[in-house]
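# Structural overview
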Amino acid sequence: MKLNTKFGKFGGLFVPETLVAALEELEAVFIRYKDDKKFNDELNDLLKNYAGRPTPLYYAERLSKIAGCKIYLKREDLLHGGAHKTNNALGQGLLAKYMGKKRIIAETGAGQHGAAVAMIGALLGIKTEVFMGSEDIKRQRANVLRMKLCGAKVVSVESGSRTLKDAINEALRDWIANVQDTFYLFGTVAGPHPYPTIVKHFQKVIGEEAKRQILDAEKRLPDYVIACVGGGSNAIGIFNEFLGDKNVKLIGVEPAGHGLNTGKHGATLNKGSVGVLHGSMSYVLQDEDGQILETHSVSAGLDYPGVGPEHSFLKDVKRVDYESITDKEAIGAFKLLSEVEGIMPALESSHAIAYAMKLAKRLKEDNANNKENNLDKNETKTKNPIIVINLSGRGDKDLEQMEFLVK
Ligand SMILES: Cc1ncc(COP(=O)(O)O)c(C=O)c1O
């Protein structure tokens, strides 16, 4: 392996021997093409003309009024396919094409990654199969239809909790059996090396654009950048460009789960412990014997007992704070953004919106208290904070699940 396989003590590649050669080949191809002019010209052309980059950074005026501070939304929901997943699917899809692979496989939770891969499979004329837990097939039916319409085969996974973790297990099993002609297009910054590095590479465009756009709009950096965390790809995508800006607070938002007494867990980074899942070392929701715990989130894309290794590193070095939001709070934010801005956020992204609104409330109270206590202006936190939220995807896929809100 030539690239760093780890982020501090996290990451690595804990995989069966059959996969080591395939991962080495993938790393070599990534190194060969990541700075290649022809590859990047083709990718950038597709990002612009097929997928619609750059996505806007939108000043959410009515939401800001309610929050009492300035809120900007990075509109990955406007990307072709309806979520940030298309950035990575295009990048890895092109790698598959340059490698001459005949078949692409992928896992999916919310169906957004699966839909993005199915679209890219159609675009590149490569046969595509998507593994999806049967529980997620039920709650994200619209995306299943989209995948099928693009010609992908959707394989229903019946094992475990029948969600994202189980879909990844099944995809890995398939890859081990078909490694010669098959490209495994992994959907987030988790999994064995080199996936966390490759997926970050193709998602970091979000933060690069967002930084340029906020500097254009406000002539200064934001005080907070907030993103939801499932495996962590939209969060790393927007955080990466701001990691060196120490005054920009970065906040990742996880689903809280149902709590210990229900046996359905959440908040991997807050409640988990260090372990190995899907080929890399990271924080993991596990019992004392290292058995993976069942998770719950209203949003299929966050319903995962692991997290990308770089997030575990960023937590431990205290560069990023990780907070959690309940189903109820996320559903409230889903409704709020729809009602005040006419933007339906994905349930995943709704977690980031919900946390931003809680934070804004706290900042308002802090400012009021500081005024009351007559603190020196310099001692108060920034008086007009700017928050950038990564709106990772649109909520159309969640409408059926949220139908009760409109009855
Ligand atoms: C809209 C949206 N946001 C976020 C996520 C979570 O993934 P990640 O943490 O890799 O961004 C998903 C996953 O399906 C998604 O569909």
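Fair warning: this is a prediction, and the values are worked out from it, not measured in the lab.

### Some words on the site of the ligand
Among the 18 residues in the neighbourhood of the ligand, the closest are listed as Thr188, Gly230, Gly232, Ser233 and Ser392. Side-chain polar atom of His84 to an oxygen atom of the ligand: 2.9 Å apart, as the coordinates give it. Relative to its unbound accessible surface of 390 Å², the ligand loses 97% to contact with the protein. A class-by-class count of the residues in the shell around the ligand yields 5 nonpolar, 11 polar and 2 charged.

### Points about the sheet that holds strand 13 (residues 320-325)
Read from one edge of the open sheet, 6 strands run 3-4-14-9-10-13, paired in mixed fashion. Strands at the two margins of the open sheet, each flanked by one partner only, are strand 3 (57-59) and strand 13. Across the sheet, the mean angle from the axis of one strand to that of its neighbour is 25°, orientation sign disregarded. As judged from the 5 bridges shared by strand 9 (residues 224-228) and strand 10 (residues 249-255), these two strands associate in the parallel manner. Each bridged residue has a counterpart across the sheet, and for Val225 the counterpart in strand 10 is Leu250. Docked against the sheet, helix 10 (residues 205-218) engages strand 3, strand 4 (70-75) and strand 14 (386-391), running at close to 140° with respect to strand 4. Against the sheet, helix 14 (residues 327-341) contacts strand 3, strand 4, strand 13 and strand 14, and its axis sits at roughly 90° relative to strand 13.

### Comments concerning the pattern of salt bridges
According to the stated counting rule, one finds 28 salt bridges in the structure shown. Glu310 is the partner of Lys200 in a salt bridge, and the nearest nitrogen-oxygen pair spans 3.2 Å. Here Lys200 is found in helix 9 (residues 195-203), whereas its partner Glu310 is found in helix 13 (residues 309-316), with 110 residues between them in sequence. Per residue, the accessibility class of Lys200 equals that of Glu310, and both read buried.

### Thoughts on the packing of helix 1 (residues 17-33) against helix 4 (residues 85-99)
One can describe the packing of helix 1 onto helix 4 by two numbers: an axis separation of 11 Å at closest approach and a directional angle of 100°. If you check the angle between helix 1 and helix 4, you find them roughly perpendicular. From helix 1, Glu25, Val29, Phe30 and Tyr33 reach across to helix 4, where they touch Leu95, Tyr98 and Met99. The residue makeup of the contact of helix 1 with helix 4, split by class, is 6 nonpolar, no polar and 1 charged.

### Thoughts on the domain arrangement of the chain
Domains assigned within the chain are domain 1 (22-48 + 85-200) and domain 2 (53-82 + 204-406). Spacing between the C-alpha centres of domain 1 and domain 2 amounts to 24 Å. With 31 residues of domain 1 at the interface, the matching set in domain 2 holds 38 residues. Our count for the domain 1 to domain 2 interface comes out at 3 salt bridges. Where domain 1 packs against domain 2, one counts 17 residue pairs in polar contact (both at pLDDT 80 or more). Breaking the side of domain 1 that touches domain 2 down by element, the ones donating at least two residues are helix 2 (37-50), helix 4, helix 5 (112-124), helix 6 (134-139), helix 7 (141-149), helix 8 (164-177) and helix 9. Element by element, the count of residues in the side of domain 1 that touches domain 2 is highest for helix 8, at 5 residues.

### Details of the packing of aromatic side chains
Applying the stated criterion across every chain yields a total of 12 aromatic pairs. Judged by centre distance (4.7 Å) and plane angle (75°), the ring pair of Tyr33 and Tyr98 falls under edge-to-face. Separated by 65 residues along the polypeptide, Tyr33 in helix 1 and Tyr98 in helix 4 bring together distant segments of the chain. Of the two residues examined, Tyr33 and Tyr98, each falls in the buried class. Look at Tyr59 and Tyr72: their rings are 5.2 Å apart centre to centre, the planes differ by 45°, and that puts the pair in the tilted class. Separated by 13 residues along the polypeptide, Tyr59 in strand 3 and Tyr72 in strand 4 bring together distant segments of the chain. According to the relative accessible area criterion, Tyr59 is partly exposed, its value standing at 30%. The buried category is assigned to Tyr72, whose relative accessible area is 6%.

### Some details on the side chain of Lys211
Following the sequence through the fold, Lys211 ends up in helix 10. Accessibility expressed as a relative area gives 17% for Lys211, which makes it buried. When residues no more than four places from it in sequence are discounted, the contact partners of Lys211 are Leu221, Glu241, Phe242 and Asp245.

### Digging into helix 15 (residues 347-372)
Under the 1.5 Å per step criterion, the end-to-end length of helix 15 is 38 Å for 26 residues, consistent within 8% with the ideal 38 Å. Asn374 occupies a position one or two residues after helix 15 and carries a positive phi of about 60°.

### A look at the nonpolar core
Counting 48 residues, the largest nonpolar core has Phe39, Leu95, Trp175 and Tyr184 as the members making the most contacts within it. When contributions to this core are tallied by element, the ones reaching two or more residues are helix 1, helix 2, helix 4, strand 5 (103-108), helix 5, helix 8, strand 8 (182-184) and helix 9. Per-element tally for this core: the top contributor is helix 1, with 7 residues. Counting residues domain by domain, this core receives three or more from each of domain 1 (22-48 + 85-200) and domain 2 (53-82 + 204-406).

### Here's the deal with helix 2
Taking 1.5 Å of rise per residue, 14 residues should cover 20 Å, and helix 2 covers 19 Å from first to last C-alpha, within 8% of that figure. At its buried positions, helix 2 is contacted by helix 1, helix 4, helix 5 and helix 9. Capping the start of helix 2, Asp36 holds a side-chain oxygen 3.2 Å from the backbone nitrogen of Lys38, two or three residues further along. Gly52 sits one or two residues past helix 2 and shows a positive phi near 95°.

The rules we used
Residues numbered from 1 in each chain as written. Predicted model: local features only at pLDDT ≥ 70, side-chain atom pairs only at ≥ 80, totals over all residues. Heavy atoms only, no water. Near = heavy atom within 4 Å. Polar contact = N/O pair within 3.5 Å; in protein donor to acceptor, adjacent residues only side chain to side chain. Areas by Shrake-Rupley, 256 points an atom, 1.4 Å probe, with all protein chains shown as cover. Nonpolar A, V, L, I, M, F, W, Y, C, P; charged D, E, K, R; others polar. Pairing = 2+ DSSP bridges. Helix = DSSP H or I, 4+ residues; strand = E, 2+ residues; numbered from the N terminus. Axes fitted to C-alpha atoms, helices over the stretch in contact; angles between N-to-C directions. Contact = heavy atoms within 4.5 Å. Salt bridge = Lys/Arg side-chain N within 4 Å of Asp/Glu carboxyl O. Buried < 20%, exposed > 50% of the residue type's maximum accessible area, 1.4 Å probe, protein only. Parallel < 35°, antiparallel > 145°, perpendicular 65-115°, else oblique. Domains from an automatic or database assignment. Phe/Tyr/Trp six-rings, centres within 6.5 Å; stacked < 30°, edge-to-face > 60°. Expected span 1.5 Å × (residues − 1). Core = buried A, V, L, I, M, F, W, Y, C linked by side-chain atoms within 4.5 Å.

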